[in-house]
Amino acid sequence: MIDVTMENFEADVIAASHTTPVLVDFWADWCAPCKSLGPVLEKLETDYAGRFKLVKVNADTDQELAGAFGVKSLPTCILLMGGRPVDGFMGALPEGKVREFLDKHLPSEGEVAAQTDVQEAEHLAQAGDPHAAIAKLQEALSLNTTDDETRYNLVKLLISVGELEEAQAALAPKLSEIPLQLRFDALSYWLQALVFVATDERAAWSFEQFDAAIAQNKRDFDTRLAKARVLIAAELFEAAMDELLEIIMRDKSWSNDVARKTYVAILELLTPPKAKTDDAAFGKSAGGIELTGKAAAQEDPLLELISRYRRKLSMALN
């Protein structure tokens, strides 16, 4: 438990809540119910062993913070996750009721352990040890098999180190789901390109050989697709989309629409991940507490390229 003020609220609450849920207890010295709730919250922070972080805000000395969160009576507790308020309660609830509130929102012990593995995997990948990072992601996925973000990152990392069979095995459960998530479908097209390069003799062709064959027949879509897959495998995505556009403009539905589907997959692979905070209006919680917050937009230099190629695809399809 720590005391926070306006000066350290951004770092110790907003930023901290991106990795660990933060429960903010608004209290005051004169508030008798606050004094009975406080020890309950501190006990639960210990019992939950890192599953949430408890901070206290003196509503008398930090009225600006209390006003920002619409605090109308004391004690008031507000839970923040991912940089924003998600729920809260008012009054000195008994321990059992506070546990119910926490259990409704907090990750399980297994999910917490999985999150720790994911964080370690990120550090290992950044340190240039992808195989150790893969092991950590596999461990995390075994603890929380429904974590799509971990599965997605695991497949991408497996692909990046050339472990194509393992990548296909990790990806397979998502490809059988209905509806199929676009980002996992995109990974499957990336894998198809890499498998092509590993198995087709044309993977050894120079780009001049591809261009010479295409010059003989502009509608040689099989060769155009082969060239696009070689470009994808080399992560020359813009050039690959240009080649796929040539197919789409001549025959939109050729070979079960494979050119368009592959093009869309590339756009998805290029799209930066969403920012951890969403620009949203935080209305009232289930307990009737006014929830407010702020978000920041994340910009990425790839966005202009993605927008441009989306327009090109739209024009080719119309």
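Residues numbered from 1 in each chain as written. Predicted model: local features only at pLDDT ≥ 70, side-chain atom pairs only at ≥ 80, totals over all residues. Heavy atoms only, no water.

A. The packing of aromatic side chains, seen in detail. Under the counting rule described, the total for this entry stands at eight aromatic pairs. The interplanar angle of 80° and the centroid separation of 5.9 Å between the aromatic rings of Tyr-152 and Phe-184 together place this pair among those described as edge-to-face. With Tyr-152 in helix α7 (residues 148–160) and Phe-184 in helix α9 (residues 182–199), this residue pair connects regions lying 32 residues apart in the sequence. Look at Tyr-152 and you get buried, because its relative accessible area is 9%. Residue Phe-184 is classed as buried on the basis of its relative accessible area of 1%. What links up through ring pairs into an aromatic cluster is the set Phe-9, Phe-26 and Phe-69. Here the basic side chain of Arg-183 rests over the ring of Tyr-152, its NZ or CZ set 5.2 Å away from the ring centre. Above the ring of Tyr-309, the side-chain terminus of Lys-312 is found at 4.3 Å from the ring centroid. (Phe/Tyr/Trp six-rings, centres within 6.5 Å; stacked < 30°, edge-to-face > 60°. Helix = DSSP H or I, 4+ residues; strand = E, 2+ residues; numbered from the N terminus. Buried < 20%, exposed > 50% of the residue type's maximum accessible area, 1.4 Å probe, protein only. Lys NZ or Arg CZ within 6 Å of the ring centre and 35° of its normal.)

B. Looking closely at the confidence of the model for the protein. Looking at the protein, the pLDDT average stands at 90 and 92% of residues meet or exceed 70. Under a pLDDT of 50 for its full length, residues 292–298 has, in the predicted model, 17 contacts with residues more than four places off or in other chains. (pLDDT = per-residue confidence, 0-100. Contact = heavy atoms within 4.5 Å.)

C. Broad picture of the environment of Ala-133. On the secondary structure map, Ala-133 appears in helix α6 (residues 130–143). For Ala-133, a relative accessible area of 0% gives the class buried. In the structure, Ala-133 is positioned 172 residues away from Leu-305 in sequence and 30 Å away in space, judged by C-alpha atoms. For Ala-133, the contacting residues outside a window of four places in its chain are Ala-121, Leu-124, Ala-125 and Leu-157.

D. Here's a closer look at α9. The terminal C-alpha atoms of α9, which comprises 18 residues, lie 26 Å apart, in line with the 26 Å expected from a rise of 1.5 Å per residue. The set of residues buried in α9 consists of Phe-184, Ala-186, Leu-187, Ser-188, Tyr-189, Trp-190, Leu-191, Ala-193, Leu-194 and Phe-196. Lining the buried residues of α9 we find α7, α8 (164–175), α11 (221–233) and α13 (254–270). (Expected span 1.5 Å × (residues − 1).)

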